[in-house]
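# Working through the structure, step by step
The lines below spell out each chain.
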Amino acid sequence: TQNSSLIADIIGMSDEPEMSNYLLTFFFFFLMLRRPPRSTLFPYTTLFRSTGDAGVVDVLDVGETWTYTYTYTVTQADLDAGQVLNSAAADADELEEPVTDDHEVPANQKPSATVEKTATEESYDAVGDILNYTVVIRNTGNITLKNLEITDTLVPFASMTLSGDADSEGHLQETGRWTLTYAYTVTQEDLDAGKVLNKVTVTKPVDPENPEEPELPPTEDEEEVPADQQPSATVEKTATEESYDAV
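Residues numbered from 1 in each chain as written. Predicted model: local features only at pLDDT ≥ 70, side-chain atom pairs only at ≥ 80, totals over all residues. Heavy atoms only, no water.

### A closer look at the environment of V186
With respect to the element layout, V186 can be found in the loop between strand 12 (177-185) and helix 2 (188-193). As a C-alpha pair, V186 and Y124 span 62 residues in sequence and 7.9 Å in three-dimensional space. Aside from chain neighbours lying at most four places away, what touches V186 is Y124, A126, V127, G128, D129, L131 and L191. (Helix = DSSP H or I, 4+ residues; strand = E, 2+ residues; numbered from the N terminus. Contact = heavy atoms within 4.5 Å.)

The structure is reproduced here in structure tokens:
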């Protein structure tokens, strides 16, 4: 009775975030391999068998080991997913089902962003004056920042004009930039306080598709516009009587 067995072993050779190299090794006992191996990352035609086929060509002889090596270049989707998972399979006529193995290489995710706030006006001096603000947010990390939340101490996000989110999906792509513009109307309290201090904060909620994704470091900026306070008063005194003539 033939005792057929085949072992598949896939080994990740690199944990670098930019590239993942895989070494795919098959160990064979008392069986001839008649179908090429498969990988979830590459079709068979792109695999390179570097060693192992020493006997009958294209037949995995008894005791023979074939080694396949190939290189995969990481995509932005892989970085956003937090991992590259590669599965490999080999099959033969004598096997009841293919043999498989997989390997996972984690991504070194580095969420990061900068935010800069500026005001067009250098000062204000009256109730009703308009202060125009611009906020620029840049993705300086290596993953997409999804569902960003932007809070401002003066104006709600719904009152801001956003440019740069081409897909209107609320995701700031890697190396991407958003620009927010909005206006604020000065009040008497602002004049009395002598300044308008405005702070903007950018936060990233937990990604349900990748809950282990690192948090976004504190990202905030503020802008202060001074008031041109002009304290002034007049005083007027009058007497009811025009003259007097006795003690």
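Let's pick the thread back up.
### Points about the pattern of salt bridges
Counted by the stated rule, this structure contains five salt bridges. We note a salt bridge from E213 to K204, for which the minimum N-O separation is 2.9 Å. Accessibility assignment for this pair places E213 and K204 in one class, buried. (Salt bridge = Lys/Arg side-chain N within 4 Å of Asp/Glu carboxyl O. Buried < 20%, exposed > 50% of the residue type's maximum accessible area, 1.4 Å probe, protein only.)

### A closer look at the sheet that holds strand 12
Hydrogen bonds between backbone atoms are what pair the strands of a sheet, whose relative direction is either parallel or antiparallel. If you walk across this open sheet you meet the four strands as 8-9-12-11, and the pairing is antiparallel. Both edges of this open sheet fall to strand 8 (113-119) and strand 11 (161-163), since each of them pairs with a single strand only. Adjacent strand axes in the sheet meet at a mean angle of 15°, parallel and antiparallel pairs treated alike. Judged from the nine bridges that link them, strand 9 (residues 130-139) and strand 12 form a sheet pairing that is antiparallel. (Pairing = 2+ DSSP bridges. Axes fitted to C-alpha atoms, helices over the stretch in contact; angles between N-to-C directions.)

### Some points on the packing of aromatic side chains
Tallying each qualifying case throughout the model produces one aromatic pair. Ring geometry for Y133 and Y182: centres 5.7 Å apart, planes at 25°, overall stacked. Separated by 49 residues along the polypeptide, Y133 in strand 9 and Y182 in strand 12 bring together distant segments of the chain. The ring of Y133 carries K117 above its face, with NZ or CZ at 5.3 Å from the centroid. (Phe/Tyr/Trp six-rings, centres within 6.5 Å; stacked < 30°, edge-to-face > 60°. Lys NZ or Arg CZ within 6 Å of the ring centre and 35° of its normal.)

### A look at the nonpolar core
Ranked by size, the top nonpolar core spans 26 residues in total, and within it Y124, L131, Y133 and I137 carry the most contacts. Excluding its chain neighbours within four sequence positions, the residues that come into contact with I137 are T114, V115, I150, L172, G176, R177, W178, L180 and V202. Residues V74, L79, V84 and I143 belong to the second largest nonpolar core, which totals five residues. (Core = buried A, V, L, I, M, F, W, Y, C linked by side-chain atoms within 4.5 Å.)

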